[in-house]
Structure formats: C-alpha cells, structure tokens
Amino acid sequence: EINHDKTPLSKQLEGLAKFISIIGFTVAGVTFVGLLTKDIIAGIFTADTIFTLETAGRILKYFMVAVTLIVVSVPEGLPMSVTLSLALSMRKMLKTNNLVRKMHACETMGATTVICTDKTGTLTQNQMQVYQTRFYGLPDQELQQDNRLQVLIKEGISINSTAYLEYGNDQIKTLGNPTEAALLLWLHQQKVNYMDYRDNTEILEQLTFSTERKYMATLVRSVLEGKLILYLKGAPEIVFAKCKQVETPAGLVPAQEYHATVEKELLDFQNQAMRTLGFAYKLVDSASEGEIEAIAQEDFIFLGIAAISDPVRSDVPAAVAKCLNAGIDVKIVTGDTPATAREIGRQIGIWKSEDSEEQIITGVDFEKLPDEEAAKRVLKLKIMCRARPTDKQRLVELLKQSGAVVAVTGDGTNDAPALNHADVGLSMGSGTSVAKEASDITLLDDSFNSIATAVMWGRSLYHNIQRFILFQLTINLSALLIVLIGSMFGRELPLTVTQMLWVNMIIDTFAAAALASLPPNPKVMNEMPRKSTDFIISPKMRNYILGIGLSFTVLLLGLMYWFTINDGVMSRHDLSVFFTTFVMLQFWNMFNAKAFLSHGSAFKNLKDSTGFLIVMFIIPIGQYLIVQFGGEVFRTVPLSWKDWGIIVGLTSLVLWIGEILRLMKKQ
C-alpha cells in the first residue's frame, strides 16, 4: 500500500485556503448587505422602485463589487508559486546529489522531525574489508596449502556466495553483496582464485541469505573426493548454535568447549563496530531436492569467524550533528548486533555514554512489545539493531502515529514497505530498483550528508513559500480594503481590467519566480522543525501583512482623495500616477519579502539569486513601457522623468524603512 498521506505543506495550504475563503466571502457578504442597507436607509429602495430596471442595475453593481472582493482576496498565484518553488528546488537539489522523484518530497524533507537511517553505505563507506579472521584450525590464518581444512575454507567462501570480483587493469571491482565481496577479496590477498572452486565444484542446491534466517547455505559435490558438503555462512550466533563440534589443529572438539571463546571474540569485534560472520560445514550422505533447509538445522562443524569492517564516512558525524542541532531525531535501524550498532552510534555522535538500554532495542524484542508500549518506546529509541523489514515498517508507522514527520533510508528490496510508509522515502543510488521505485528521493552518493542538505533545501523552500504568501497577502489586503472602503464611499479601485492583469502578472508570475528561486539559507538548520499543525501564516507574518497592508491602504486612499479633492474625478495623468504608485509599492515590498526570515539585509546574497535579479529588472522596465506606450489599452499617458523620480523615490521608502528596522533588530 503506497503512502498517499497529505504532505505537511498541503495540510497547511488547505488551512490557509479555508481561512482566506472565509475572510473573502464574509467581507463580500457584509459589503453586499451593507450597500443594500445603506440604500434602504437612504430611501432609494422603496416598494415602488424595487422592481425597476434601475434597482436591478444597482443590485447587480453591488453584487459585482462583492464578487470583485472575493477575486481580490483569493491568492490565485499561490498554487503556481508552490509548484514553481518545488520544480526549481528539484532541479537544484540534483546538483547536491538528491534526485527528487516525487515533487512534494522537496518540501516535506524540511518538515522532517525523525530520520530513520540504515547503517551500511549511508553512515559507512560501504567498502567492506576483512579486518581479521579466526579460523580455529588455522593458527597463522593463512591459506598457503591445499590440505583438507584449507580446501574446506576456500571452497566454502568461494561457493557459498553470490558476489563476484571483476579484475580490471589497476583495481578490482566488487559486484554483489559487499560483505561477501570482502571475503572474496581476502581470498585474493591469500593468492586464492575463487573461480577455480566455482568452476570445479557442482552446486546441487542453494539457500540464499534472508534477514529472517540470517544465514546462507549451499549444498555442493565437493572437490574433496566428490563428497556432499553443506556449507553454512551467516550471523555467528545463529551458525554456532547449529554446530556440534569445532575444527581445531588438534581435530574436532565439542562446540561447548569453544562457546566462551567464540562469545568473547565476537563481543570484542562487535565493540569495534565490526560485522562478523560465522562459517560451518556438514558432510551429508544424501539429499533430495528441497531438503536443504531441513538439513541445515543442526550437526554442523564450526570453522571460525571473520570480522569485517566498514569505516564511518568522514562527513557523517558533522551531518548528523547538523540534523540534531536542527531538532531532528536520528535513529539507526540496522541488521547488526547491539554492540556494533552502539559503536557506530557512538562514532557518528548519537549514542552518548549516559544513554541507557531503553534507547536501544533488537527487532525481536520490538516485535514482542504491545503497540501501546512500543509507541512510547519509539520516541526515546536511538538504535534498533537486528532489525527486519517488518520491524522497520512498524517503527515508521508508530512514529507517524505520534505526529512525527518521518524520513527513512533504504537500499534493498525488503526496505520498500518502510520507504512507502514514510513521509519521505530516501533510496540509495546504489540500491535496488524496487527501493528506488518505492522512494521519493534517491541519494545519488548514498551519503547521510545529502540528507542534511535535503532538509536545508526543504526548510528554505518552505520559507520561500511563506515569503510569497506574505508578499501576495499584503497586496491582496490593501486591494481588498481599497475596494471595500471605496465602494462604501461610492468610489471604485481606479485600476482597469488590463492594469489588474499586469498587477496579477507581477504578483503571480514574476514575484513567484523571484521568491521561489532564492538560494537556500544554511541558518535554517539552527531552527526547530515546524509542526505540521501550525498555521502557515506565523504571528510574525500576520503582523507584517496587517502593518504593511494597512499602510499601503492609507497611502493609496490618501492618493485617491488628493487627486479627487478638487473636482471629484481623476485625470488620465492622475490614473497613470496611481497605477504606477500601486505597482512600485509592490516592487519595493518584494525586497522586504525577500529579507523576511533571512535575518539580514534585502541586498544580502543578491548576486546568488539570479531569478530575483531578472525580475528586479523586468518589473520596472515593464511598468515604464506600459505607462509610456500603453495608451488606450492600459488607459495611461506618458509620465515625465520628474514624475517617475518622485514616484520611485517616495515608494522606495518602503524598502529603506524596512532596511533600517532590520538593522536596528540586528544591533
């Protein structure tokens, strides 16, 4: 079942749409009723005149004012602005190794409160190498001879594997499972060619590794006198539990005698964050097809263990610290043992010395917990080890139920359910196509650092959308109030339909492009994640919209009054000045919107905002051409350079006052 939940942004935009609709329709309704009431009180509507054509015309005019109010109040450019912001971010995020597969994921990453990350390849380099081996029958751990024991080890590693090595001119490429490839590389270092055994040994049946079984078994007709041998490789505790004896230089000894030795060595390796594998074999008399799993239950002879290391990526601790600083919980979900997982957690900075057992759990223990208890536990949890796909999926579901916005990383086919259920599924560039298909973003470099970058982009994108809302609603509020107050006093907004189209184009297209293309601000990583239940208009935005919107209204109404004070009508020249003033107020206000939430001057990083720079030139040039050459179409007359200078100079106070206030706040 694919995750079709609404994104945090869509929930917040729905809330905004509802709010604006209520305001718009209420104001429109009150205006319509108010205008009718005014006429009734004035005695215009009487029993005699109610059915006349003139009355119908009046009512229709009032109805049109109400409709205009609704149209003016609705920010129809918002969906386009959001889509444009998401599309631009998708393109730019690709340069930071984030291939966004589903558009909404750009922004949802910014709302993320929990990241459930796997270990291999994301936190570590995914360059497995055999750190040490403990084959108990090999005192010097070397494979220089072809005696029976050494053949068992060589054949077991070569055959009971799905990996390959590709020999190039200067380096060897590994194909398949990195852990298995590390073992083949170890054979290569010992001057053993694994293909010699693959070519000369008949494989009768193979049981591939699964996270449930935690082992792989292969039944072969061995090069050792054609005997039937079942080779076993997997989690050492699982493999050792199936063994009756251990192969030593002195021959076979009972497994219980080596139990303490094996346990201690495993613990030592795991405390160093090594991945450990156990090896065993069993001579089989005969076997029918399909019996391999039944045969692989007991009576094995233990050969030893191999410790495989996978170093933590150098950039991961800093990236994790960035996420923790940004108020995001980072949880490791891995198939490794508790000791290995804890050590990796310590190395990347999420596991502290004061952390308790309550913050780490194995998949088996997690499955046993009832939902109610598990829901409380997941909030404190830092590490889930020995995790299976079902555990990962349950963890994601419980976190989401608690109100968290969850991002999950995964690269295998079995990660698909968790990737689907997460708010943002992050697959690896080196992962399976199934994982990629189920994910929202693919990390091309497989690195956790790219996740931190995606969070920064997501938060910056949300701020850009807030800036656009701030810009648009400021204009809408002033236009709404002018229409409302103007209609009450018998005046209309002195802008024609074509002028309003240009104004709408500025608001909806150019401003959307300018504010959507602002580069990300690294400072957003110092903030806490927003709540998806929060209203998109923050108290700070509300104050700004009301303050600037009311100021613009007073200014524009004052201008209308100034132009009509003598003869009650506005000349073409006055209308052109009013239109240009209206547009230029928006233009300068766009700079204030850019500076909003960015903690600095509107001119900061201006050279990095190519989209903003382009729009910065388009609007004034476009306005100049329309006014000077628009004529009858735009109902304008050319203005003198003096007029332009006065309008630009006075309206620019909007920006300069904003700059002074921002400067005072910083000091």
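Quick caveat: nothing in here was measured; it's all calculated off a predicted structure.

**A look at the overall build of the protein**
In terms of regular secondary structure, the protein is built from 25 helices and 18 strands. The C-alpha atoms of the protein give 35 Å as radius of gyration, which overshoots the globular expectation for 667 residues (26 Å, by more than 25%). Across the 667 residues of the protein, 54% fall into the buried class. When contacts within the protein are restricted to residue pairs at least 6 apart in sequence, long-range pairs at least 24 apart make up 72% of them. Accessible surface computed for the protein: about 30200 Å², of which carbon and sulfur atoms make up 60%. The positive charge centre, built from 62 side chains, and the negative charge centre, built from 67, are 9 Å apart in the protein.

**A short note on the pairing of strand E13 (residues 329-333)**
Burial analysis of E13 places 4 of its 5 residues in the buried class, which makes it a mostly covered element. When E13 meets strand E15 (residues 383-385), the two strands line up parallel, connected through 2 bridges. Pairing of Val333 across the sheet is with Met384, part of E15.

**Overview of the sheet that holds strand E16 (residues 406-410)**
Pairing is mixed in the open sheet, where 8 strands are placed in the order E1-E18-E17-E16-E2-E13-E15-E14. Of all strands in the sheet, those bounded by a partner on one side alone are strand E1 (98-100) and strand E14 (360-362). Recorded for the sheet is a direction-independent mean angle of 20° between the axes of neighbouring strands. Examined bridge by bridge, E16 and strand E17 (residues 424-428) share 4 bridges and lie parallel to one another. Residue pairing in the sheet places Gly410 in a bridge with Ser427 of E17. Sheet strands touched by helix H3 (residues 78-94): E1 and strand E18 (441-443). Its angle to E1, the strand with the most contacts, is close to 150°.

**Things to note about the confidence of the model for the protein**
Atom-level detail of predicted coordinates should not be read off regions where pLDDT is low. Residues with a pLDDT of 70 or more make up 98% of the protein, whose mean pLDDT is 87. Across the protein, helix H24 (residues 641-651) holds the top mean pLDDT of 95, while helix H19 (residues 497-516) sits lowest at 79.

**Looking at the nonpolar core**
One finds Phe448 and Ile469 to be the most contacted residues of the largest nonpolar core, which totals 124 residues. Per-element tally for this core: the top contributor is helix H18 (residues 448-488), with 23 residues. Those residues within four positions of Ile469 in sequence are excluded, and the remaining contacts are Leu13, Leu16, Leu78, Ile536, Ile537 and Met541. With 33 residues, the next largest nonpolar core counts Ala163, Ala182, Leu183 and Ala306 among its residues.

**Some remarks on the packing of helix H5 (residues 148-159) against helix H6 (residues 178-189)**
Interaxial distance between H5 and H6 falls to 9 Å at its minimum, and their mutual angle equals 140°. In terms of orientation, H5 and H6 fall into the oblique class. Handedness of the H5/H6 crossing: left-handed. Packed against H5, whose contacting residues are Lys154, Ile157 and Ser158, the element H6 presents Leu183, Leu184, Trp186 and Leu187 at the interface. Of the residues contributing to the contact of H5 with H6, the split by class is 5 nonpolar, 1 polar and 1 charged.

**Comments concerning the pattern of salt bridges**
Tallied over the entire structure, the rule returns 25 salt bridges. With a shortest N-O distance of 3.7 Å, Asp299 and Lys244 are connected by a salt bridge. Separated by 55 residues along the polypeptide, Asp299 in the loop between helix H10 (292-295) and strand E12 (300-309) and Lys244 in strand E9 (residues 243-248) bring together distant segments of the chain. For the salt bridge of Lys380 with Glu358, the shortest nitrogen-to-oxygen distance reads 3.1 Å. A residue pair is termed long-range when its members are at least 10 positions apart, and Lys380 in helix H14 (residues 371-380) and Glu358 in the loop between helix H12 (338-348) and E14 qualify at 22 residues. Within this structure, Lys119, Arg275 and Asp336 form a network of salt bridges that share partners.

**Things to note about the side chain of His463**
Residue position: His463 is located in helix H18. Here Glu527 takes part through its side chain, which lies 3.2 Å from a polar atom of the side chain of His463. When neighbours within four sequence positions are excluded, His463 is seen to be in contact with Val524, Glu527 and Leu597.

**Section: the packing of aromatic side chains**
On inspection of all chains with the given rule, the structure shows 17 aromatic pairs. Taken together through their ring pairs, the aromatic side chains of Phe587, Trp588, Phe591, Phe603, Phe612 and Trp656 make up a single cluster. Seen from the ring of Phe366, Arg394 lies directly overhead, with NZ or CZ sitting 4.9 Å from the centre.

**Re the layout of surface pockets**
There is about 1300 Å³ of room inside the largest pocket. At the level of elements, H6, strand E8 (228-234), strand E11 (275-284) and helix H15 (389-401) are the ones that each hand at least two residues to the lining of the largest pocket. Taken together, the residues of the lining of the largest pocket sort by class into 11 nonpolar, 22 polar and 12 charged.

**Considerations on H3**
Taking 1.5 Å per residue, 17 residues should reach 24 Å; H3 reaches 24 Å between its end C-alpha atoms and fits that length. Looking at H3, one finds that the buried residues are Leu78, Ser81, Val82, Ser85, Leu86, Ser89 and Met93. Taken end-on, H3 shows its buried residues confined to a sector of 130°, consistent with a single buried face. Within H3, the exposed residues directed more than 90 degrees away from the buried face are Pro79 and Arg91.

**Some points on the pairing of strand E10 (residues 251-254)**
Sheet analysis places E9 next to E10, joined by 4 bridges and oriented antiparallel. Of the residues in E10, the one forming a bridge with Val246 is Val253. Linkage of E9 to E10, two consecutive antiparallel strands, is achieved through a turn of 2 residues.

**A look at unusual backbone geometry**
Positive phi, close to 55°, is recorded for Glu225, a residue that is not glycine. Summarising the element assignment, Glu225 is placed in the loop between strand E7 (215-221) and E8. A relative accessible area of 71% means that Glu225 is categorised as exposed. Phi at Asp446 is positive, roughly 60°, even though this residue is not glycine. Position of Asp446 relative to the elements: it lies in the loop between E18 and H18.

**Considering the side chain of Thr340**
Looking at where Thr340 falls in the secondary structure, it is placed in helix H12. Here the side chain of Thr340 touches Met274 through a polar contact of 3.1 Å, landing on its backbone oxygen. The residues contacting Thr340, other than those within four sequence positions of it, are Lys119, Gln270, Ala273 and Met274.

**Some details on the environment of Ser447**
Mapping Ser447 onto the fold places it in the loop between E18 and H18. Distance in space between the C-alpha atoms of Ser447 and Ile22 is 46 Å, their sequence separation being 425 residues. Ignoring sequence-local partners within four residues, the contact set of Ser447 consists of Thr122, Arg313 and Asp315.

Here is what the cut-offs are and how they apply
Residues numbered from 1 in each chain as written. Predicted model: local features only at pLDDT ≥ 70, side-chain atom pairs only at ≥ 80, totals over all residues. Heavy atoms only, no water. Helix = DSSP H or I, 4+ residues; strand = E, 2+ residues; numbered from the N terminus. Rg over C-alpha atoms; globule rule 2.2 N^0.38 Å. Buried < 20%, exposed > 50% of the residue type's maximum accessible area, 1.4 Å probe, protein only. Contact = heavy atoms within 4.5 Å. Areas by Shrake-Rupley, 256 points an atom, 1.4 Å probe, with all protein chains shown as cover. Lys, Arg positive; Asp, Glu negative; His and termini not counted. Charge placed at Lys NZ, Arg CZ, Asp CG, Glu CD. Pairing = 2+ DSSP bridges. Axes fitted to C-alpha atoms, helices over the stretch in contact; angles between N-to-C directions. pLDDT = per-residue confidence, 0-100. Core = buried A, V, L, I, M, F, W, Y, C linked by side-chain atoms within 4.5 Å. Parallel < 35°, antiparallel > 145°, perpendicular 65-115°, else oblique. Left-handed = near helix turned anticlockwise from the far one by under 90°. Nonpolar A, V, L, I, M, F, W, Y, C, P; charged D, E, K, R; others polar. Salt bridge = Lys/Arg side-chain N within 4 Å of Asp/Glu carboxyl O. Polar contact = N/O pair within 3.5 Å; in protein donor to acceptor, adjacent residues only side chain to side chain. Phe/Tyr/Trp six-rings, centres within 6.5 Å; stacked < 30°, edge-to-face > 60°. Lys NZ or Arg CZ within 6 Å of the ring centre and 35° of its normal. 1 Å grid on protein atoms, 1.4 Å probe; cavity = no way out; pocket = protein on both sides within 12 Å on 5 of 7 lines; lining within 4 Å. Points joined across faces, edges and corners; volume = space filled by probe spheres on them. Expected span 1.5 Å × (residues − 1). Arc of directions from axis to C-beta.

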